[in-house]
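# Structural overview for review
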Amino acid sequence: MRVYFELLGDGTVGISNSQSSVNDRKTVNFEGSIVGEFFKRTREERNLSILQVAKLFGFSNIDKTKRNIEDIERSGKHYPEYFRKLAEIYQIPFANVNIITQYQKEFDLKKKELLHKITVEKEKRTELFFLKVIDSLPFLFRHFDRIVCDPDYYFIPMPGSCFSAAYMKSRPELYLGELLTLWKNGKWTSECSVCGGTVYITGAGGSPLSGSGSGWGYCSKCRKAVYGVKHFAEFFNVFLKLQVSEPTFAKSNLTFKDCSGVLKQ
Ligand SMILES: [Zn+2]
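Attention here is on the structure that accompanies the text. Keep in mind the model is a prediction, meaning the values are calculated, not measured.

Looking now at the overall build of the chain. Counting its secondary structure elements, the chain contains eleven helices and ten strands. Across the 265 residues in the chain, those meeting the buried criterion constitute 23%. Excluding contacts between residues fewer than 6 apart, the proportion of contacts in the chain whose partners are at least 24 apart in sequence is 50%.

With that settled, consider the pairing of strand 9 (residues 213-219). Successive residues of a regular strand alternate their side chains across the two faces of the sheet. With respect to burial, strand 9 is a largely interior element, five of its seven residues being buried. Pairing analysis gives seven bridges linking strand 8 (residues 198-206) to strand 9, with the strands arranged antiparallel. Bridge pairing in strand 9 links Gly-203 to Trp-216. With antiparallel pairing between neighbouring strands as the criterion, strand 8 and strand 9 make up a hairpin whose turn holds six residues, including Gly-211 at a positive phi of roughly 80 degrees. Inspection of the sheet shows strand 9 paired to strand 10 (residues 225-229) by three bridges, in the antiparallel sense. Looking at the pairing, Gly-215 lines up with Val-229 of strand 10.

Cut-offs and rules
Residues numbered from 1 in each chain as written. Predicted model: local features only at pLDDT ≥ 70, side-chain atom pairs only at ≥ 80, totals over all residues. Helix = DSSP H or I, 4+ residues; strand = E, 2+ residues; numbered from the N terminus. Buried ≥ 20, exposed ≤ 12 C-beta atoms within 10 Å, placed from the backbone. Contact = placed C-beta atoms within 7 Å. Pairing = 2+ DSSP bridges.

What follows is the structure in structure tokens.
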């Protein structure tokens, strides 16, 4: 039995039983483990349940053995003794297990590199987007009343913005109306420690109980991303007062790109 793996562009791993059949390919969001998947598939091919395998181990504590096998299949956790034993029970050469373990190492490394690349690209896109938004602020503030009164404008999603607070459902994307309101009343802005310009906060996270946490955003003057802006408690308080509860609105179909063109009409 061979299992084929392919690292896909979005950082997930495609798994297939044959090299050529792309259609068979099952995409798994890979938290874990090629090694785990290998042992799981091998066991299933032999029509054995985890409990049956655990009994074949011959260890006195079957429950514990079963838990450890489950652990291996789920996360690939490395129990050298178990790997040997499983190879024996499934009658596979131990060299194959070593090959798969090596695969895993290479994959983890590739995956790490790819995820890093994705993160960097995403950050770059977000930065370009918000610098454009900040450049449009005079225009947006001129149309402020119209934007906050019209749900089509208010609920334009702003990709890359977010808000998360402990014990609260986090908001992965804020709305144009929210950010504009917070920026206009100066509650989600700060002074840039490098150039003294205005930092427009685009995201914040922390704990409302302890007040620990920070915000981040972009400076309108030096045009840099700024992290670690303090006063999370304040960001939290004003955001909470402003936030519209979800069932009351429908997300706008407009995007920020549409917005300026439509507003000019
Ligand atoms: Zn600055």
